[in-house]
Amino acid sequence: MSGTPAPTRPYVLLSCATSIDGYIDDASDKRLLLSNDDDLDRVDAVRASCDAILVGAGTVRRDDPRLLVRSASRRAERVACGRPASPTKVTLTAHGDLDPTARFFTAGDPTRLVYCATSVREKTEERIGRLATVVDAGEPVDPAWLLTDLYARGVRRLMVEGGGTVHAQFLAAGLADELHLVVAPLFVGDGRAPRFVGEGRFPWHPGRRARLAEARQIGDVVLLRYALSDRCTEG
């Protein structure tokens, strides 16, 4: 019987906010706020719709995110449907340099998964093995294998919140289905600051343009939603 092959990885949604000139932060020690309250609530709704949220180890160190659903009503809706109040937390690390006191490990009580390079498996287990499940993801960490493993663990919808290196890995490997790019009305103008993605060979280029599924003003920011695979719908 013919038909669409069954998926073997989760639906992958990338989420990022940038300045007009493409920066995701400035070069100061203080985190640059790019979203507004209405957009942060939209992001919270997207989180609540997902089975897992992934960030890189650099984001865990730099931003110390909680990665929890903020809205009490959304948490209650998830629980009423037999799901955890917040999605599974996921990070990946090449060096194992994770702080066990980071909010990734201490905030809330979701399942926590840490995918690490083979060479730092023992180090990572020693540092955070009592706080999270540590998974050997190859040398270097293989995002495609990571997604297959997440799918086997029941993750069907994954939200990737950064940072730029992780976003670039998923994009360059063609492992993203949808991109939510929020543009804030400001410039950073500092080459020392991190950008959305750096150099790379990406599947979308002048000869193969990504499809814009939605453009929406949210207060003083604009959401651009790009369909990066046939799995992404207009709705």
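Below is a summary of the structure that appears in this document. Along each chain, residue indices are assigned from 1 in the same order as the chain's sequence is written. For this predicted model, a pLDDT threshold of at least 70 governs which residues receive local features, and a threshold of 80 or more governs which side-chain atom pairs are given and counted, while totals over whole chains, interfaces and linings are taken from all residues. By convention in this description, side-chain values take in all heavy atoms of the structure and omit both hydrogens and water.

## Quick look at the overall build of the protein chain
Helix and strand definitions follow DSSP, with helices as H or I runs of at least four residues and strands as E runs of at least two, each counted in order from the N terminus. From N to C terminus, the protein chain includes 7 helices and 9 strands. Radius of gyration here uses only the C-alpha atoms, and the compact-globule reference equals 2.2 Å multiplied by the residue count raised to the power 0.38. In terms of overall size, the protein chain behaves like a compact globule, its C-alpha atoms giving a radius of gyration of 18 Å where 235 residues would be expected to give roughly 18 Å. Along the first, second and third principal axes, the C-alpha set of the protein chain runs to 55 × 45 × 40 Å. Only protein chains enter the accessibility calculation, which uses a 1.4 Å probe. A residue is then buried if its area is under 20% of the maximum for its type, exposed if over 50%, and partly exposed in between. With 235 residues in all, the protein chain has 48% of them scored as buried.

## Notes on the sheet that holds strand S1 (residues 11–18)
Pairing between the strands of a sheet comes from backbone hydrogen bonds, and it takes one of two forms, parallel or antiparallel. Strands are treated as partners if at least two bridges between them are detected by DSSP. Taking strand neighbours across the sheet as the criterion, the 9 strands line up as S5-S4-S3-S2-S6-S1-S7-S9-S8 in an open arrangement whose pairing is mixed. Only two strands of the sheet have a single neighbouring strand rather than two, namely strand S5 (133–136) and strand S8 (211–218). Pairwise comparison of adjacent strand axes, ignoring direction, gives a mean angle of 20 degrees for this sheet. As paired elements, strand S4 (residues 112–116) and S5 share 4 bridges and run parallel to each other. Across the sheet, Leu113 pairs through a bridge with Thr133, a residue of S5. Contacts from helix H7 (residues 164–172) reach S1, strand S2 (52–56), strand S3 (88–93) and strand S6 (157–160) within the one sheet, and its direction differs from that of S1 by about 135 degrees. To obtain each axis, a line is fitted to C-alpha atoms, and for helices this fit is confined to the stretch in contact; angles are then taken between N-to-C directions over 0 to 180 degrees. Working rule for contacts: check all heavy atoms of both residues, and any pair within 4.5 Å makes them a contact.

## Brief notes about the side chain of Asn36
Turning to its location among the elements, Asn36 is positioned in the loop between S1 and helix H1 (37–48). Any pair of N or O atoms that falls within 3.5 Å is considered a polar contact. Within protein, one atom must be able to donate a hydrogen and the other to accept it, and sequence-neighbouring residues count only if both atoms are side-chain atoms. Of the polar contacts made by the side chain of Asn36, one reaches the backbone nitrogen of Asp39; its length is 2.8 Å. Contacts of Asn36, omitting those with residues within four sequence positions, involve Ile218, Gly219, Asp220 and Val221.

## Regarding the pairing of S6
Note that S1 and S6 share 4 bridges and pair parallel. When the bridges of S6 are listed, Tyr11 appears paired with Arg157. Here S2 runs beside S6; their pairing, made up of 3 bridges, is parallel. From the neighbouring strand, Ala52 faces S6, where its bridge partner is Leu158.

## With respect to the nonpolar core
Residues Leu54, Tyr115, Leu150 and Leu158 are the most contacted members of the largest nonpolar core, which totals 45 residues. Leave out the neighbours within four places in its chain, and Leu158 touches Pro10, Tyr11, Val12, Leu13, Cys50, Ala52, Ile53, Leu54, Leu147 and Leu150. Think of a nonpolar core as a cluster: buried Ala, Val, Leu, Ile, Met, Phe, Trp, Tyr and Cys residues, connected wherever their side-chain atoms sit within 4.5 Å.

## Section: the environment of His167
Looking at the element boundaries, His167 is found in helix H7. Counting along the chain gives 11 residues from His167 to Glu178, while the straight-line C-alpha distance between them is 12 Å. Apart from residues no more than four positions distant in its own chain, His167 is found in contact with Leu14, Ser15, Cys16, Val160, Glu161, Gly162, Phe196 and Val197.

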